[in-house]
Amino acid sequence: MTKQWWKESVVYQIYPRSFMDSNRDGVGDIRGIISKLDYLKELGIDVVWLSPVYESPNDDNGYDISNYKKIMDEFGSMDDWEEMLEEMHQRDMRLVMDLVVNHSSDEHGWFVESRKSKDNPYRDYYIWREGKDGKEPNNWESVFSGSAWEYDETTEEYFLHLFSKKQPDLNWENPKLRQGLYDMMKFWLDKGIDGFRMDVINFISKVPTFPDAPSPEGKTYASGHEYFMNGPRIHEFLKEMNQEVLSHYDAMTVGEMPGVTPDEAVLYTGEDHNEVNMVFQFEHMDVDSGPGGKWDVIPFDLVKLKTILTKWQTELHGKGWNSLYWNNHDQPRIVSRLGDDGEYREKSAKMLATLLHLMQGTPYIYQGEEIGMTNVRFSSIEEYKDIETLNMYREKVAKGIDPEEIMKSIYVKGRDNARTPMQWNSGDHGGFTEGNPWIAINPNYKEINAEEALKDSKSIYYYYQKLIALRKEHEIIPYGSFELHYADHPSVYAYTRAYGNEKILVLCNVSGEKQVIENVASFDIKQADVLITNEENNKDDAFTLNPWEATAYYFKG
Ligand code: NOJ
């Protein structure tokens, strides 16, 4: 396995709308980001992944792009953006931009043209089909509820939108469209960016016959995933993109790929496959979803989580590369989801960080994770802003489902949990804005904020700083092999890493109760150094784990 800078880096994701507002309009912006770069540098961050900052009508907060080469007014200007890039590079930090090319906004010039007439030169930039028996061309469901097709009166045809109807899918079968996108990618790379995070990139190739999908009983629509996830021409398209664009730059690429398996991930990321560097997959994020999908919340099953993460650790080792993450702008906060966001908030947040960061892969930290930000519970649906949440709520209310039940699932799974403003200090709106924030702040900002964290040497922030530093000091962390222990234990997560004659043993208690385990593999703990621990008191017995404890031991030769 070759050594690469992006295997040794730690990425920090910024969701610009909620990070830092510099001009009092209640929306985060680029100058706000510039003002916080020292905070990220201090944490030890090497790479920033910036969620979309392009021109957008914001139906899906920037994931609906109307001009790929312009900066959204609310976020600032191209001059601001260039200054930000320079300031990042001066601090030896790299910038990875979001690349949203499965779809654009319906307000993008290409779509404005495309919908005008059937013989418009841009018609084939999107996916148009005639209706079937007076209905949609097939029964696929949009990720954001309802049909994935929208009827357009001008030409009396439907266009495909796997996400909102303001996000029409681009037609990758059209070589001109592909060239247009490659030119846009070069535009940004020539400006000096260091890579792309590619939004739902494994959705870009659809089965061209667009068949109906078998729909579950009693349901009008079916996801249709099998006809567009990892579709028939996906590897061809990514290889072409790599050859035409990426191979000419030292760029890091991460493909957001729902529904990908480790075997497929090897095809996408294998070193001689020339597609992308790493996948960002979701299997471990679905552990608390029941058969009804994301909103059908079931308890987190640790044994299942271990099985999934271990499969990814072992099946990609030496063959491909994965991202390591607990949070992003689409996921609830991990300390509320898998830890204890009450009494043991700090300890459980540190435990979860240890568990993840000592595995193989490139770690991603989502803004606010490093200070242990938690989920939010707004009392009224009016306070929620996310299109996925609002569409789902409306659809379920229309079906007669009790709004209180729906709210319960939003509290656990809604994307706005991750999108409340970054909590910088205990002042108004957590120091995020001097105006009115576009979405309310989590009321716990008075206790949980970056200023407090920076004052306390035992804070979650400094714990993350240490974990990041360890990754740089010990090659075993990015490159060592992985072995799981106590696979069936319902509360203990334990594994070893090995590299040459070095070893790391990681012991985590994923529960609020003390756990006593056997020293199954006869580890000679006396020969080990403590690499990192969230325990403040010395312990006699390594195999008696206090609530939410994480301790990692380092064995040298
Ligand atoms: C995945 C992004 O992470 C999410 O926020 C967005 O809504 C969809 N792709 C559509 O772009």
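Residues numbered from 1 in each chain as written. Predicted model: local features only at pLDDT ≥ 70, side-chain atom pairs only at ≥ 80, totals over all residues. Heavy atoms only, no water.

- As recorded in an unreviewed UniProt entry, the protein goes by the name oligo-1,6-glucosidase, listed as coming from Rossellomorea aquimaris.
- Here is the UniProt Catalytic activity (unreviewed entry) comment for the protein, exactly as written: "Hydrolysis of (1->6)-alpha-D-glucosidic linkages in some oligosaccharides produced from starch and glycogen by alpha-amylase, and in isomaltose."
- UniProt's Sequence similarities (unreviewed entry) comment on the protein is quoted here verbatim: "Belongs to the glycosyl hydrolase 13 family." (UniProt positions renumbered as here; feature names shortened; annotations may be inferred.)

**A look at the overall build of the protein**
- Counting its regular elements, the protein contains 15 helices and 22 strands.
- For 557 residues, the compact-globule estimate of 2.2 N^0.38 gives 24 Å, and the C-alpha radius of gyration of the protein, at 23 Å, lies within 12% of that figure.
- With the C-alpha coordinates of the protein rotated into their principal frame, the extents come out at 75 × 55 × 50 Å.
- Long-range contacts, defined as pairs at least 24 residues apart, comprise 71% of the intrachain contacts of the protein with a sequence gap of at least 6.
- The distance from the centre of the 60 positive side-chain charges to the centre of the 96 negative ones in the protein is 1 Å. (Helix = DSSP H or I, 4+ residues; strand = E, 2+ residues; numbered from the N terminus. Rg over C-alpha atoms; globule rule 2.2 N^0.38 Å. Contact = heavy atoms within 4.5 Å. Lys, Arg positive; Asp, Glu negative; His and termini not counted. Charge placed at Lys NZ, Arg CZ, Asp CG, Glu CD.)

**A closer look at the layout of surface pockets**
- By volume, the second largest pocket amounts to about 350 Å³.
- If you go around the second largest pocket, you meet 16 residues; those closest to its centre are Trp6, Asn242, Ala251, Asn274 and Asn277.
- Split by residue class, the lining of the second largest pocket holds five nonpolar, eight polar and three charged. (1 Å grid on protein atoms, 1.4 Å probe; cavity = no way out; pocket = protein on both sides within 12 Å on 5 of 7 lines; lining within 4 Å. Points joined across faces, edges and corners; volume = space filled by probe spheres on them. Nonpolar A, V, L, I, M, F, W, Y, C, P; charged D, E, K, R; others polar.)

**Some points on the site of the ligand**
- Taken together, the neighbourhood of the ligand is formed by Asp60, Tyr63, His103, Phe144, Phe163, Arg197, Asp199, Glu256, His329, Asp330, Arg415 and Arg419.
- Histidine 329 is positioned such that a nitrogen or oxygen atom in its side chain is 2.8 Å from an oxygen atom of the ligand.
- A total of 300 Å² of accessible area belongs to the ligand in isolation, and the protein chains cover 97% of it.
- Residue classes in the shell around the ligand are distributed as three nonpolar, two polar and seven charged. (Near = heavy atom within 4 Å. Polar contact = N/O pair within 3.5 Å; in protein donor to acceptor, adjacent residues only side chain to side chain. Areas by Shrake-Rupley, 256 points an atom, 1.4 Å probe, with all protein chains shown as cover.)

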